[in-house]
Amino acid sequence: MFRSILTVLSGSVIAQIIAVAVLPVLTRLYDAEAFGRYQIYISMLNVAVMFVAFRYEVAILGARTGRVLDNLLKLTFRLCLVTSLIAFPVAAAADFWMPSGLSSTLHGTIFFLPVAMVVAGIYQMLTYLPIRERNYGLSARSKILQSLGFAIGALGCAFLPLIGSGLVLADAFGRLVGSINILFESGKLWRRLVSPISFLQMRFTAIRFQKFGLFTFPGTLLSAVSAAVPPFAFLALFNLEIAGQYALIERFVLMPVGIVAVAVSQVFTGEFSTLYRTDKQGLNKAFRRSLLQLLAIALLPTVLGTILSPSVVPLVFGADWAVAGKLCAIAFPIAYVRFVATALTMTMIIVDRQSLQFVWEASRFIFTLCIFGWLGWVGVDNPMTVMVWYALATGITYALQLALADYATRAANLQATESKGIIS
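No experiment lies behind these values; they were computed from the predicted model shown.

1. A look at the overall build of the protein chain
Then comes step 1: Helix and strand counts for the protein chain stand at 15 helices and 0 strands.
Then comes step 2: Taken over C-alpha atoms, the radius of gyration comes to 21 Å for the protein chain, in line with the 22 Å a tight globule of 424 residues would show.
Then comes step 3: When its C-alpha atoms are laid out on the principal axes, the protein chain stretches across 70 × 45 × 40 Å.
Then comes step 4: In the protein chain, buried positions account for 54% of the 424 residues.
Then comes step 5: Contacts spanning at least 24 positions in sequence make up 84% of the contacts within the protein chain whose residues lie at least 6 apart.
Then comes step 6: For the protein chain, the accessible surface area stands at approximately 19000 Å², while carbon and sulfur atoms represent 70% of it.
Then comes step 7: Computing the positive centroid from 31 side-chain charges and the negative centroid from 18, the protein chain places the two 12 Å apart.

2. Notes on unusual backbone geometry
Then comes step 1: Its identity as a non-glycine residue notwithstanding, F54 has a phi of 55°, on the positive side.
Then comes step 2: Within the fold, F54 resides in the loop between α2 (32-53) and α3 (67-97).
Then comes step 3: For R55, which is not a glycine, the phi torsion comes out positive at approximately 65°.
Then comes step 4: Inspection of the secondary structure puts R55 in the loop between α2 and α3.

3. Concerning a negative patch on the surface
Then comes step 1: A surface patch of negative charge is lined by D31, E33, E241 and D320.
Then comes step 2: Here D320 is to be found in the loop between α11 (283-317) and α12 (322-343).
Then comes step 3: Judged by relative accessible area, D320 falls into the exposed class, the value being 65%.

4. Digging into the packing of aromatic side chains
Then comes step 1: Following the criterion strictly, the structure yields 9 aromatic pairs and no others.
Then comes step 2: Seen in terms of ring centroids, F234 and Y246 are 4.7 Å apart; in terms of plane orientation they differ by 15°. Their pairing is stacked. One end of the pair, F234, is in helix α9 (residues 210-237); the other, Y246, is in helix α10 (residues 240-278), with 12 residues separating them in the sequence. As far as burial versus exposure is concerned, F234 and Y246 are alike and both buried.
Then comes step 3: For the pair W374 and W389, a centre-to-centre distance of 5.0 Å together with 65° between the ring planes defines the contact as edge-to-face. Of this pair, W374 sits in helix α14 (residues 354-378) while W389 sits in helix α15 (residues 383-423), placing them 15 residues apart in sequence.
Then comes step 4: For W389, a relative accessible area of 31% corresponds to the partly exposed category.
Then comes step 5: Connected via pairs of aromatic rings, a cluster forms that spans Y38, Y41 and F150.

5. Structural notes on the pattern of salt bridges
Then comes step 1: Taken as a whole, this structure holds 6 salt bridges when the rule is applied.
Then comes step 2: Two residues, E57 and R55, come together in a salt bridge whose shortest N-O distance is 2.6 Å. Across the pair, R55 and E57 agree in class, each one buried.

6. Points about the side chain of S84
Then comes step 1: Structurally, S84 can be placed in helix α3.
Then comes step 2: According to the relative accessible area criterion, S84 is buried, its value standing at 3%.
Then comes step 3: With residues up to four places along the chain from it excluded, the contact list for S84 reads P114, M117 and V118.

7. A short note on the nonpolar core
Then comes step 1: Judged by nonpolar contacts, the single largest core of 134 residues is most densely connected at Y30, F35, Y41, L126 and M387.
Then comes step 2: In this view, Y41 contacts T109, F112, L113, A116, V168, D171 and A172; residues no more than four positions away in its chain are not counted.

8. Side note on α3
Then comes step 1: End to end, α3 covers 45 Å across 31 residues, agreeing with the expected 45 Å (1.5 Å per residue, within 8%).
Then comes step 2: The principal kink in α3, of about 30°, is found at F88, preceding the proline P89 by one to four residues.

9. Observations regarding a nonpolar patch on the surface
Then comes step 1: A surface patch of nonpolar side chains, about 830 Å² in accessible area, is lined by L299, L300, V303, L304, I307, L308, V312, L315 and V316.
Then comes step 2: Topologically, L300 is positioned in helix α11.

Parameters at a glance
- Residues numbered from 1 in each chain as written.
- Predicted model: local features only at pLDDT ≥ 70, side-chain atom pairs only at ≥ 80, totals over all residues.
- Heavy atoms only, no water.
- Helix = DSSP H or I, 4+ residues; strand = E, 2+ residues; numbered from the N terminus.
- Rg over C-alpha atoms; globule rule 2.2 N^0.38 Å.
- Buried < 20%, exposed > 50% of the residue type's maximum accessible area, 1.4 Å probe, protein only.
- Contact = heavy atoms within 4.5 Å.
- Areas by Shrake-Rupley, 256 points an atom, 1.4 Å probe, with all protein chains shown as cover.
- Lys, Arg positive; Asp, Glu negative; His and termini not counted.
- Charge placed at Lys NZ, Arg CZ, Asp CG, Glu CD.
- Patch = residues over 30% accessible without salt bridge, like charges linked within 9 Å, V, L, I, M, F, W, Y side chains within 5 Å.
- Salt bridge = Lys/Arg side-chain N within 4 Å of Asp/Glu carboxyl O.
- Phe/Tyr/Trp six-rings, centres within 6.5 Å; stacked < 30°, edge-to-face > 60°.
- Core = buried A, V, L, I, M, F, W, Y, C linked by side-chain atoms within 4.5 Å.
- Expected span 1.5 Å × (residues − 1).
- Bend = angle between axes of the 7 residues up to and from the residue.

In structure tokens form, the structure reads like this:
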């Protein structure tokens, strides 16, 4: 498991080195408003991509090899295409009803979103195949190429008359490069995706894996909406300039940490699901051991980042990003909690407690919305104050998730012990 984590982690680390290395150049080619627009786009896309395949792509991990897996791949691919087409009139309606000031800022981004949805949805689907096959090398390479594609795209678009949306276009280009890499290294996968499938087969496949649509989809949708609240809150409470300062923190700290956490989560998911099928009595011990290890590993970088970021961020990215440096000091504790929780986030789903995971997602969404709603109601005018409350909300909600995961694994242990006693 450790070797597999290192393989996936190496890809994530190299990808983030590329992303961070190009940032000092991008912050001088793009202004804070461009970064703010990009962060709003990412927040909208992270929510929209949940609708692309309704999380049926997660079922790829456990689908039986053969016709079951083939039909699931075909269904998921077609869902990506159909839902993205439906998103065009939805985007037009959203642009029509949006306040004029916000519409003028995000007009082009909203209409590009359906195109980005199909690219992001297919890439998201394809990333589960290397995890299923434990081909962690391919997973690592796709991350590196995605990051390299974004860097090249962003640098190229900076010299075009689309500078305001250059980062948005670069993001889609990076995901496209990552998708092509997985398709190219997966043999005849493309032919399997486009080969015919009847409506009855799609309907049967959708019903067969309906638990992912009923529980996993709404849960992850609420999680994505919760993550989208802070960028929009900074835009609503302040302006696009402050939203851009926060966007740099998302790009420089929270997003890289999240990507590394996802890399760890991919291996944890594969190994923990194997343990669930073979030795349920060891689940809680394995979960707690992983939790303690992750807490220990991330502690020192968090402390150093909190202390150094107020002076390092303006030095690296320019004096115009001083506010980002102050926000960054608060962001590191947020990243610490998110790293640990994200790495273990599939625990309740693996032990078949999707409903419990959904309850947590719903509670987190309501709590986060209430926090930022209260901040807007009292009229907070300091970005640092907003960031501190965001850190508190993150710590409380993710601590609850880890407690529920511990409870779920202990319950699975107890159930396995009782079943073993009955059989004996």
